[in-house]
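# Fold and geometry: a report
Next come the chains, spelled out residue by residue.
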Amino acid sequence: DVKVTQSSRYLVKRTGEKVFLECVQDMDHENMFWYRQDPGLGLRLIYFSYDVKMKEKGDIPEGYSVSREKKERFSLILESASTNQTSMYLCASSFWTGPKGETQYFGPGTRLLVL
Amino acid sequence: AQTVTQSQPEMSVQEAETVTLSCTYDTSESDYYLFWYKQPPSRQMILVIRQEAYKQQNATENRFSVNFQKAAKSFSLKISDSQLGDAAMYFCACLVTGANSKLTFGKGITLSVRP
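About the criteria used
Residues numbered from 1 in each chain as written. Chains lettered and ligands numbered in written order. Predicted model: local features only at pLDDT ≥ 70, side-chain atom pairs only at ≥ 80, totals over all residues. Heavy atoms only, no water. Helix = DSSP H or I, 4+ residues; strand = E, 2+ residues; numbered from the N terminus. Buried < 20%, exposed > 50% of the residue type's maximum accessible area, 1.4 Å probe, protein only. Polar contact = N/O pair within 3.5 Å; in protein donor to acceptor, adjacent residues only side chain to side chain. Disulfide = S-S within 2.5 Å.

A word on the environment of Asn84 of chain A. All names here are of chain A. One can find Asn84 in the loop between strand S8 (73-78) and strand S9 (87-94). Judged by its relative accessible area of 56%, Asn84 falls in the exposed class. As a C-alpha pair, Asn84 and Leu43 span 41 residues in sequence and 15 Å in three-dimensional space. Here Ser82 takes part through its side chain, which lies 2.5 Å from a polar atom of the side chain of Asn84.

Dropping the structure here:
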């Protein structure tokens, strides 16, 4: 089974802090994604990566950055956390091709509260 | 860019009955995938079912099946013999294949199951 793990289930930070959210997948997936989930808005894509050291902006990248130094790990960085970044953050990964190509597998999520 | 619409925010079904969750999408591309994901309360998002747009046959997974109407751009999920464990938020999503393909989600629908 595909396993996608996230470093924290719950996180409380203060405004202005630098926040790191880590995601690790164990299936050698090429693609990795970061979403935020807010009530009534569904999931919105923040950043994604198709390869090591490669990143692409999603729909709402402002206030965020990412890092992918190793294939299995994709980090989301909030350079200076703000209260409007309080949200659930979901990481996902996928293959390019094959019978399950393009299907994204999700981590358990990190619920971030910025005070 | 593609859009996904889930117009009903909530639905309820009696245990052992059948329920259909609606989803419409819009894309100008011909090669795409459609997905239904389930997110139980405080639990991980998991894939329920996936449909390749080029396949005319509707996908089925045990009690879950879809009604894929390509011309109408409709992709509804039917849950037969509903169980208490089916209570969750369900998201419909569309992924257009190709360079920088992105998964676009609907806003989700909360399904409750009455014992």
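This paragraph deals with the state of the cysteines. Per the counting criterion, the structure on display carries two disulfides over all chains. Sulfur-sulfur distance for the disulfide between Cys23 of chain A and Cys91 of chain A comes to 1.9 Å. Looking along the S-S bond of the Cys23 of chain A-Cys91 of chain A disulfide, the torsion reads about -75 degrees, which is the left-handed sense. Note that Cys23 of chain A is positioned in strand S3 (residues 19-25) and Cys91 of chain A in strand S9, a separation of 68 residues in sequence. Each sulfur of the disulfide joining Cys23 of chain B and Cys92 of chain B lies 2.0 Å from the other. Looking along the S-S bond of the Cys23 of chain B-Cys92 of chain B disulfide, the torsion reads about -70 degrees, which is the left-handed sense. Of this pair, Cys23 of chain B sits in the loop between strand S3 (19-21) and strand S4 (24-26) while Cys92 of chain B sits in strand S10 (residues 88-96), placing them 69 residues apart in sequence. Like Cys92 of chain B, Cys23 of chain B is buried. Left unpaired, Cys94 of chain B is separated from the closest cysteine sulfur, that of Cys92 of chain B, by 7.9 Å.

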